[in-house]
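Summary of structural features
Take a look at the letters that make up each chain.
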Amino acid sequence: MGAGSFFLSIGLLSGVIIKQSQRFAMAWRSSGNTNAELVGNLEQAGLIHSPRVKAAMLAVDRADFTDHLPYQDSPQGIGYNATISAPHMHAHALQNMEAHLVDGANVLDVGSGSGYLTVCMAKMVTPRGKVVGIEHIDELVNKSLQNIKKHHSDLIKSGHLEVIAGDGRLGHPLPNGPLYNAIHVGAAAESIPQPLIDQLAPGGRMLIPVGKQHSGQIFVQLDKAMDGRVSQKTIEHVLYVPLTNTGAYQNDRVGYALLQVDRADFVDNNPYEDAPQSIGFNATISAPHMHAAAIEALEDHLYNGAKVLDVSPNGKAVGIEHIEELVEKSRENVMKNHKELFEIGALTLLVGDGRLGHPINGGYNAIHVGAASEGIPQPLLDQLAPGGRMVIPVGRELDSQVFLQVDKSEDGRNITQKVIEDVMYVPLTNADQQLRQGREVDAI
């Protein structure tokens, strides 16, 4: 394949549906204009009821750990496909571990990310305790240390806080054998890693989200009795990124492309939150991690790209959406900072039935479908060029769905399929059906 590759995106602004927990509905309204106001609102919402937890969160300014909306009670992106959790989740974790975060305790923070919660816990276990944060992305380790040094360098200098790079699933055995009195895990494991259980001290507590990515996950409280027996308690249903050794994307081109296109140009509501957001007309913009996963899967078929849907000066990206108002809205979004794509003919946006594709000479080297089809539409298979790749969610609405990678052999004779992950997308329909479903939802 050469530089003149072609890309088709169907359902420009359709996306994943994620059910949010109702337990913390009150907490999502706890945002403030200052750190003190945020903490006060969390206390009023009943998320903070320990003076020690309140003191720790007041002492650690969230603005040191994220540049974007630090006092909004929602997760915020911190780069490298990672987020700093919502403040109410930090408060919830500290409250559940409060009895174990005492002076002299040893604590492990797996997936320490920005370093915020790591510092809060260090404030609660000093002057004699120690907190170890472990993060598998070197750049995040360095970034978190920079964050911590803004106002809490004393914790590092005194040895009460340490942040290291490593695979958090394996834990981090302390020198000379002491175990951890508390372990916090900030990403979801399909099962509780045995090394973490082994490193938890008798009488200790672990908090960990457990479950598959984009599937039913629960926040588990694991307690180890003094005799070593382990018991588990489900605290809440949650949705976390997976506990892995890599992010949603590994290729530098994917990261660069995502950096070039500001999500705020395309959605007004919480643009940097890793969750789908409504854009009207019963449609959503997908969660950022799904955009990253799609581009990562298609990366070999998107050549010399400077932007997410730009393949090269000689290439062309075609976006097709069946709701005319959404096409106009997307055109306005692109014009904000990327109008040159229209000017050079690298991007075309069309109104049409995406299930039928949009035939061009030679076919498409890459096809992305942003809504779930019960089966793979034959016109899309026909329009996929030899050697091309399609990613498409397949399955019934609100039922079992999978994100498929579909490859056509170089001779065009064979089609292979690979399941990337389980997903939940809105259905690939026609305009009348989608708008009718939207009106039915509004009427409920």
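A short tour of the structure in this document, coming up.

Rules behind the numbers
- Residues numbered from 1 in each chain as written.
- Predicted model: local features only at pLDDT ≥ 70, side-chain atom pairs only at ≥ 80, totals over all residues.
- Heavy atoms only, no water.
- Core = buried A, V, L, I, M, F, W, Y, C linked by side-chain atoms within 4.5 Å.
- Buried < 20%, exposed > 50% of the residue type's maximum accessible area, 1.4 Å probe, protein only.
- Helix = DSSP H or I, 4+ residues; strand = E, 2+ residues; numbered from the N terminus.
- Contact = heavy atoms within 4.5 Å.
- Phe/Tyr/Trp six-rings, centres within 6.5 Å; stacked < 30°, edge-to-face > 60°.
- Lys NZ or Arg CZ within 6 Å of the ring centre and 35° of its normal.

This part covers the nonpolar core. In terms of nonpolar packing, the biggest core is built from 46 residues, with Met57, Leu94, Leu101, Tyr116 and Met121 touching the most fellow members. Where this core is concerned, the elements lending two or more residues are α1 (35-44), α2 (51-59), β3 (82-84), α3 (87-97), α4 (116-125), α5 (138-149), β6 (161-165) and β10 (230-238). A per-element tally of this core places α4 first, with eight residues. Ignoring any residue separated from it by four or fewer positions in sequence, one finds Met57 in contact with Asn35, Val39, Leu42, Ile48, Pro87, Ala91, Leu94, Tyr116 and Cys120. In terms of nonpolar packing, the next biggest core, distinct from the first, is built from 21 residues, Val185, Ala187, Met206 and Val220 among them.

Enumeration according to the criterion identifies three aromatic pairs in this entry. When the centroid spacing of 5.6 Å and the interplanar angle of 80° are considered together, the rings of Phe65 and Tyr116 count as edge-to-face. Note that Phe65 is positioned in the loop between α2 and β2 (76-79) and Tyr116 in helix α4, a separation of 51 residues in sequence. Like Tyr116, Phe65 is buried. Between Phe403 and Tyr425, the ring centres sit 6.0 Å apart and the planes meet at 10°, which makes this aromatic pair stacked. Remark: Tyr425 occurs in the loop between β18 (415-423) and α13 (431-443) and Phe403 occurs in strand β17 (residues 401-408); sequence separation between them is 22 residues. A cation sits over an aromatic face here: Arg331 above Phe342, 5.9 Å from the ring centre.

Purely geometric numbers; function is a separate question.
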